Amino acid sequence: MNRVTVVTHPLVQHKLTLMRRKDASSNSFRRLLGELSTLMAYEVTRDMPLQDMPIETPLEAMTGKVIDGKKLVFVSILRAGNGFLDGMLNVVPGARVGHVGLYRDPATLQAVEYYFKMPSGMDARDVVVVDPMLATGNSAAACVDRIKRLDPRSIKFVCLLAAPEGIHRLHKAHPDVPIFTAAIDRELNDHGYILPGLGDAGDRIFGTK
Ligand SMILES: O=P(O)(O)OC[C@H]1O[C@H](OP(=O)(O)OP(=O)(O)O)[C@H](O)[C@@H]1O
Ligand SMILES: O=c1cc[nH]c(=O)[nH]1
Ligand SMILES: [Mg+2]
């Protein structure tokens, strides 16, 4: 499992367990996902480049360090990725946001694209793709394929739950893309759902189905 970071912080693990419960309401599922994604943003942005900023404290002039949030793009894989976005934007409010609309064909489990919108100047930007679920890995791999055509500086993928199959698929297609997740679950079932998992993330966030 090269290049996979499992965020084991107790707060992350605690919230993840509460979200997995089948009796968690959409409201609490959404709230927990928002809190959890803010915590994961700390780990994902750990190596973000800093630049000098001359400032004046009440006592004297100094040179501080700031991040250039505008260089960062969070790319949300619709729909469920949007549940991750707000929490990440809490930490880097200056980041730009791109959207890739993908759904899994339930019969083939292949990703089908229905929307794609990115900020301009992607070749100067660092991308963090967000989606709570990495199951077969088809959606993540398709999203990264598409973004790579715009030649960004770097791409990371962050999710809540990953199946071993999804990690292998994404790494095989894109070995340069590091993966951040709160847990690696056991396996996929015959319908491509993660076990033990948390069910259908999009449906649980938006109260559909
Ligand atoms: O790794 P994969 O096998 O591709 O599965 C993961 C995808 O499945 C879910 O989306 P879904 O297709 O349910 O769309 P939704 O977010 O609109 O519900 C999830 O949010 C991922 O995008
Ligand atoms: O378990 C899964 C697999 C794919 N998408 C989900 O929302 N959940
Ligand atoms: Mg779904």
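Parameters and conventions
- Residues numbered from 1 in each chain as written.
- Chains lettered and ligands numbered in written order.
- Predicted model: local features only at pLDDT ≥ 70, side-chain atom pairs only at ≥ 80, totals over all residues.
- Heavy atoms only, no water.
- pLDDT = per-residue confidence, 0-100.
- Pairing = 2+ DSSP bridges.
- Helix = DSSP H or I, 4+ residues; strand = E, 2+ residues; numbered from the N terminus.
- 1 Å grid on protein atoms, 1.4 Å probe; cavity = no way out; pocket = protein on both sides within 12 Å on 5 of 7 lines; lining within 4 Å.
- Points joined across faces, edges and corners; volume = space filled by probe spheres on them.
- Nonpolar A, V, L, I, M, F, W, Y, C, P; charged D, E, K, R; others polar.
- Near = heavy atom within 4 Å.
- Polar contact = N/O pair within 3.5 Å; in protein donor to acceptor, adjacent residues only side chain to side chain.
- Areas by Shrake-Rupley, 256 points an atom, 1.4 Å probe, with all protein chains shown as cover.
- Sits in = over half its atoms within 2 Å of the grid points.
- Buried < 20%, exposed > 50% of the residue type's maximum accessible area, 1.4 Å probe, protein only.

Topic: the confidence of the model for the chain
And step 1. Here the chain shows a mean pLDDT of 95. Residues at 70 or above account for 99%.
And step 2. Taken over the whole predicted complex, pTM reads 0.95, whereas the ipTM for its chain interfaces reads 0.97.

Some remarks on the sheet that holds strand 12 (residues 183-184)
And step 1. Spatially, the three strands line up as an open sheet ordered 8-10-12, and their pairing is parallel. A strand with exactly one partner marks an edge of an open sheet, and here the two such strands are strand 8 (133-134) and strand 12.
And step 2. Here two bridges tie strand 10 (residues 161-162) to strand 12, and the two strands are oriented parallel to one another. Looking at strand 12, one finds that Leu161 is bridged to Ala183.

Describing the layout of surface pockets
And step 1. By volume, the largest pocket is sized at about 640 Å³.
And step 2. Forming the walls of the largest pocket are 31 residues, and the residues nearest its centre are Tyr103, Arg104, Ser139, Tyr193 and Asp200.
And step 3. Listing elements by their share of the lining of the largest pocket, those giving two or more residues are strand 4 (72-78), strand 5 (96-104), strand 8, helix 4 (138-148) and helix 6 (201-206).
And step 4. Per-class residue counts for the lining of the largest pocket are 16 nonpolar, eight polar and seven charged.

Observations concerning the site of ligand 1
And step 1. The local shell around ligand 1 holds 17 residues, among which Arg104, Asp131, Thr136, Gly137 and Ser139 are the closest.
And step 2. Arg79 places a side-chain nitrogen or oxygen 2.9 Å from an oxygen atom of ligand 1.
And step 3. In this structure, Asp131 approaches ligand 1 through a side-chain N or O atom, which is 2.4 Å from an oxygen atom.
And step 4. Contact with the protein chains removes 91% of the 500 Å² of surface that ligand 1 exposes when unbound.
And step 5. If you map ligand 1 onto the pockets, it falls in the largest pocket.
And step 6. Elements represented by at least two residues in the shell around ligand 1 include exactly strand 4, strand 5, strand 8 and helix 4.
And step 7. When residues of the shell around ligand 1 are assigned to their parent elements, the largest contribution, three residues, is made by strand 5.
And step 8. Among the residues making up the shell around ligand 1, the classes are represented as eight nonpolar, five polar and four charged.

Things to note about unusual backbone geometry
And step 1. Of note, the amide linkage connecting Leu78 to Arg79 takes the cis form, showing an omega dihedral of -5°.
And step 2. Omega for the peptide link from Leu195 to Pro196 comes to 0°, which places this bond in the cis form.
And step 3. As for its position among the elements, Pro196 is in the loop between strand 14 (194-195) and helix 6.
And step 4. With a phi close to 55°, Asp151 is a non-glycine residue in the positive phi region.
And step 5. The residue Asp151 is located in the loop between helix 4 and strand 9 (154-158) in this model.
And step 6. Taking relative accessible area as the criterion, Asp151 reaches 54% and is therefore assigned exposed.

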